Amino acid sequence: MGDAIWKAISDKKQRFLVLKLIAIYIVIAIPFKTLDVLPVFATIRPNSTFIPVYGFLFGPAGAWANALGNFLYDALSNSLTLGSIGGFIANFSEPLFMCFMWQYIVGNRFQITNMRELGWYMVISMAGAIFKAFIITPVVTFFYPTIEAVTFAKVVFYTEIVFYLLPGVALLVFLHSLYGLVGYRWGEEPEHNRNIVVG
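This write-up is about the structure you can find in this document. Here the structure is a predicted model, which is why all the values come from computation and not from measurement.

Reading guide: rules and limits
- Residues numbered from 1 in each chain as written.
- Predicted model: local features only at pLDDT ≥ 70, side-chain atom pairs only at ≥ 80, totals over all residues.
- Heavy atoms only, no water.
- Helix = DSSP H or I, 4+ residues; strand = E, 2+ residues; numbered from the N terminus.
- Buried < 20%, exposed > 50% of the residue type's maximum accessible area, 1.4 Å probe, protein only.
- Contact = heavy atoms within 4.5 Å.
- Areas by Shrake-Rupley, 256 points an atom, 1.4 Å probe, with all protein chains shown as cover.
- Axes fitted to C-alpha atoms, helices over the stretch in contact; angles between N-to-C directions.
- Parallel < 35°, antiparallel > 145°, perpendicular 65-115°, else oblique.
- Left-handed = near helix turned anticlockwise from the far one by under 90°.
- Nonpolar A, V, L, I, M, F, W, Y, C, P; charged D, E, K, R; others polar.
- Expected span 1.5 Å × (residues − 1).
- Bend = angle between axes of the 7 residues up to and from the residue.
- Phe/Tyr/Trp six-rings, centres within 6.5 Å; stacked < 30°, edge-to-face > 60°.

## Observations concerning the overall build of the chain
Then, in step 1: For the chain, the count of helices and strands is eight helices and two strands.
Then, in step 2: Of all 199 residues assigned to the chain, the portion counted as buried reaches 47%.
Then, in step 3: When contacts within the chain are restricted to residue pairs at least 6 apart in sequence, long-range pairs at least 24 apart make up 75% of them.
Then, in step 4: For the chain, the computed accessible surface area is about 9800 Å², with 70% contributed by carbon and sulfur atoms.

## What to know about the packing of helix α2 (residues 12-29) against helix α3 (residues 50-76)
Then, in step 1: Where α2 contacts α3, the two axes come as close as 8 Å, and the packing angle between them is 60°. With respect to their mutual orientation, α2 and α3 come out oblique. Viewed along their axes, α2 and α3 form a crossing whose handedness is right-handed.
Then, in step 2: Residues that form the contact of α2 with α3 fall into these classes: 19 nonpolar, five polar and no charged.

## A short note on α3
Then, in step 1: Taking 1.5 Å per residue, 27 residues should reach 39 Å; α3 reaches only 18 Å between its end C-alpha atoms and comes up short.
Then, in step 2: Along its length, α3 reaches its greatest deviation from straightness, about 150°, at Phe 58, and the proline Pro 60 lies no more than four positions downstream.
Then, in step 3: With 22 of 27 residues buried, α3 is to be regarded as a mostly interior element.
Then, in step 4: Positive phi appears at Asn 78, one or two residues downstream of α3, with a value of about 55°.

## Considering the environment of Phe 16
Then, in step 1: On the secondary structure map, Phe 16 appears in helix α2.
Then, in step 2: You can call Phe 16 partly exposed: its relative accessible area is 40%.
Then, in step 3: In this structure the C-alpha to C-alpha distance between Phe 16 and Ala 61, which are 45 residues apart in sequence, comes to 9.5 Å.

## Comments concerning the packing of aromatic side chains
Then, in step 1: The final tally for this structure, using the stated rule, is 14 aromatic pairs.
Then, in step 2: The interplanar angle of 5° and the centroid separation of 4.4 Å between the aromatic rings of Phe 97 and Phe 131 together place this pair among those described as stacked. On the criterion of sequence distance, the pair formed by Phe 97 in helix α4 (residues 84-105) and Phe 131 in helix α5 (residues 115-143) is long-range, its members being 34 residues apart.
Then, in step 3: Using a relative accessible area of 22% as the deciding quantity, one classes Phe 97 as partly exposed.
Then, in step 4: Arranged with centres 5.2 Å apart and planes meeting at 75°, the rings of Phe 142 and Phe 143 form a pair that is edge-to-face.
Then, in step 5: Looking at Phe 143, the relative accessible area reads 31%, which means it is partly exposed.
Then, in step 6: Clustering of aromatic rings is evident, with ring pairs tying together Tyr 25, Phe 50, Tyr 54 and Phe 58.

## So, the packing of α4 against α5
Then, in step 1: At a minimum axis separation of 9 Å, α4 and α5 run at an interaxial angle of 155°. What the angle tells us is that α4 and α5 run roughly antiparallel. Crossing geometry of α4 relative to α5 is assigned as right-handed.
Then, in step 2: Considering only residue class, the contact of α4 with α5 consists of 18 nonpolar, six polar and three charged.

Structural measurements only, silent on function.
Here it is in structure tokens:
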């Protein structure tokens, strides 16, 4: 697992894939205004849709792109805080967690072509949102003790899961139907998805 994560930024071809995914993330993120739930600390961002898409389809490369894209967006939008440390860790590890859980539980490459796969997608997405809240909440409440931990964790969970279960599903089905993109498998390069993303 560690080798695959490192290779995503050390291998020239995969590094180029990461950069392209970051560019896509920023291009989509900048035009959309975020809605503050807890000002500065918790916002509703349409780019949360990218977490399952990047994780399931591109594995470690998607995880790097999601974390770096979100961090860069925070910098460009003057939203960087000490809590962004937790955000970076969560936005990197959650796509990996979701990708790993699909392969461990479901077994086949990720795709949503039937109700069973949709059901597992919903379960793993909810687990991913809980996982993210579990990572980011202690960091934010450590640096900002006035924030109530349970409330913050609930906000993270609900603001994430909305995008995973609605536009996330639609985008994944669209990418599979139109371009044939399917899930990443640990230990492999995202070869099956490179033509459409890297070209």
